[in-house]
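Examination of the molecular architecture
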Amino acid sequence: MLKNKKILIGVTGSIAAYKAALLIRLLKKQGAEVKVIMTASASDFISPLTLATLSENPVYTVFTKEEDGTWHSHVELGLWADIFVVAPASANTMAKMANGLCDNLLSAVYLSARCPVFVAPAMDLDMFVHPSTQQNLKTLKGFGHEIIDAETGELASGLVGKGRMAEPENILEIILKFFEEDKPLKGKKVMITAGPTYEYIDPVRFMGNGSSGKMGYAIAEKMANLGAEVTIVSGPVSGIDVKSDIEIKKVVSAEDMFTASLDIFPQVNVAIFAAAVADYTPVEKSPTKIKKNDSEMNVVLKKTKDIAKELGKIKKEGQISVGFALETDNELENAKNKLATKNFDFIVLNSLQDKGAGFGHDTNRITIVETEREVAFDLKSKAEVAADIANHIVNLIGLKNK
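Criteria and cut-off values
- Residues numbered from 1 in each chain as written.
- Predicted model: local features only at pLDDT ≥ 70, side-chain atom pairs only at ≥ 80, totals over all residues.
- Heavy atoms only, no water.
- Helix = DSSP H or I, 4+ residues; strand = E, 2+ residues; numbered from the N terminus.
- Buried < 20%, exposed > 50% of the residue type's maximum accessible area, 1.4 Å probe, protein only.
- Contact = heavy atoms within 4.5 Å.
- Areas by Shrake-Rupley, 256 points an atom, 1.4 Å probe, with all protein chains shown as cover.
- Pairing = 2+ DSSP bridges.
- Axes fitted to C-alpha atoms, helices over the stretch in contact; angles between N-to-C directions.
- Parallel < 35°, antiparallel > 145°, perpendicular 65-115°, else oblique.
- Left-handed = near helix turned anticlockwise from the far one by under 90°.
- Nonpolar A, V, L, I, M, F, W, Y, C, P; charged D, E, K, R; others polar.
- Polar contact = N/O pair within 3.5 Å; in protein donor to acceptor, adjacent residues only side chain to side chain.

Helices and strands together make up the secondary structure of the chain, namely 13 helices and 22 strands. Principal-axis analysis of the C-alpha atoms gives the chain an extent of 80 × 60 × 35 Å. Counting all 402 residues of the chain, 49% fall into the buried class. Across the chain, every contact between residues at least 6 apart in sequence was considered, and the portion connecting residues at least 24 apart equals 68%. For the chain, the computed accessible surface area is about 20000 Å², with 49% contributed by carbon and sulfur atoms.

On to the environment of Ala-386. Mapped onto the fold, Ala-386 is located in helix H13 (residues 382–400). With relative accessibility at 0%, the residue Ala-386 sits in the buried group. Linking Ala-386 and Glu-331, residues 55 residues apart in sequence, is a C-alpha distance of 21 Å. Once residues lying within four places of it in the same chain are set aside, the contact partners of Ala-386 are Met-215, Ala-218, Ile-219 and Lys-222.

Sheet architecture is open: 6 strands sit in the order S3-S2-S1-S4-S5-S6, paired in parallel fashion. At either margin of the open sheet sits one strand with a lone partner, and together these are strand S3 (59–60) and strand S6 (146–147). Two strands pair when backbone bridges link them, and strand S4 (residues 83–89) and strand S5 (residues 117–121) are joined in this way by 4 bridges, in the parallel orientation. In the strand pairing of S5, Val-86 is matched with Val-119. This element, helix H2 (residues 48–55), spans strand S1 (6–11), strand S2 (33–38) and S3 of the sheet and lies at about 165° to S2.

Now for the sheet that holds strand S18 (residues 346–351). Pairing is mixed across the open sheet formed by 8 strands, whose spatial order is S13-S12-S9-S14-S17-S18-S20-S21. Unpaired on one side and paired on the other, strand S13 (247–250) and strand S21 (374–376) mark the two borders of the sheet. Here the average twist between neighbouring strands, direction ignored, is 15°. In this sheet, strand S20 (residues 366–369) lies alongside S18 in antiparallel orientation, the contact comprising 4 bridges. Counterpart to Ile-347 in the pairing with S20 is Val-369. Seen against the sheet, helix H12 (residues 331–341) touches strand S17 (320–327), S18, S20 and S21 and runs at an angle of roughly 150° to S18.

This part covers the packing of helix H4 (residues 91–99) against helix H7 (residues 131–142). Running from amino to carboxyl end, H4 crosses H7 at an angle of 50°, the nearest separation of the two axes being 9 Å. Of the possible angle classes, the one that applies to H4 and H7 is oblique. As H4 runs across H7, the sense of the crossing is left-handed. Taken together, the residues of H7 that come into contact with H4 (itself represented by Ala-91, Met-94, Ala-95, Met-97, Ala-98 and Asn-99) are Thr-133, Asn-136, Leu-137, Thr-139 and Leu-140. Tallied by class, residues from the contact of H4 with H7 come to 7 nonpolar, 4 polar and no charged.

So, about the pairing of S1. With 5 of 6 residues buried, S1 is to be regarded as a mostly interior element. Looking at chain direction, S1 and S2 are connected through 6 bridges and run parallel. If you follow Ile-7 over to S2, its bridge partner there is Val-34. Pairing of S1 with S4, which is carried by 4 bridges, proceeds in the parallel orientation. Following the sheet pairing, Leu-8 is matched in S4 by Phe-84.

Note that Asp-124 resides in the loop between S5 and helix H6 (125–129). Asp-124 sits 67 residues away from Asn-57 along the chain, and the two C-alpha atoms are 31 Å apart. Excluding anything up to four places from it in sequence, Asp-124 contacts Leu-155, Ser-157, Leu-159 and Lys-162. Polar side-chain contacts of Asp-124 include one of 2.6 Å to the side chain of Ser-157.

So, on to the side chain of Ser-212. As for its position among the elements, Ser-212 is in the loop between strand S11 (206–207) and helix H9 (214–225). For Ser-212, a relative accessible area of 18% corresponds to the buried category. Here Lys-214 takes part through its backbone nitrogen, which lies 3.2 Å from a polar atom of the side chain of Ser-212.

This brings us to helix H5 (residues 105–112). With respect to burial, H5 is a largely interior element, 7 of its 8 residues being buried. What H5 keeps buried is the set Leu-105, Leu-106, Ser-107, Ala-108, Val-109, Tyr-110 and Ser-112. Where H5 begins, the side chain of Asn-104 points an oxygen toward the backbone nitrogen of Leu-106, at a separation of 3.3 Å.

Scope: geometric values only; no functional claims are made or implied.
So, in structure tokens, the structure goes:
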């Protein structure tokens, strides 16, 4: 896939420097030619010899070799590369890149590079969320660079939060995506609803459900990887990172989700309704916290708008609409009813009877239900399920375009 591609890796002073070894190995397996530049502090975390061995090229750390005075031309390195990937990118190096500071070989090559630049931040969570770091990321993105967003997890400090360098496998996928010529969803716009909705009773209490949003977000990632321009209309979710090129419209209630979806839907080619939208909402919402005075509390509910059904009424010729059905009984019958009433092209059916499927799991087991047929899949990770759904959509687009 990456045969004859020239990839320059910049490694900076971060505990995540060890991940550069795996990234280089993955790139070499794909057939890429790899060269590495390291800052002085990066050598404290991983040996230049390790990266030289894996890349099968000398590692560049300084402008000249002390032994013979050989000059490492930053200009030639910058011109050599098809892409320049700074991974890990420390807060210090990103600040230099954002402000044009040039005090080492890596920053000199960066300022000379004419190729696309990818930046994979890595640092502790407080450093990552600091306004100066966020401003530098914004500046680098404004330069046209690809920001490979940091991931959430346990950090070297022992804290848990956002700041981990993206895993090498995820970085490889982004690089592969960049070099792919055949992106079947390129030029297509996709809207995905995801997560739960919260229907507030008072300022501190709400009715909701256990949807994590993982399925909707996984589909969004896959659709973006296939070239689509993706917008997620997301209910309240937490702990899910998403690609920087995916737009997220955050909402809370079913009414919020309907309003946001109604605004986006007419412009998209594909709409995927993966959210677990509340069917009912309180008729009255108390502006203040309701005190616990009585042994019982009665809350009068009213139906929320059926988002998929309402948008199905304005669905245009050529648009593809995909629904989700989470059922406990009469699964297929209920799914087929929704297929007809909501103007879906197909429905993704989940059953809570299946172990490992439904809310809160990292796996899912689905059946794709169309008017004339059903296609059942085995239990898979949600990323694999997302790929199955995306492939079905790609095939459907191909049939509609014939």
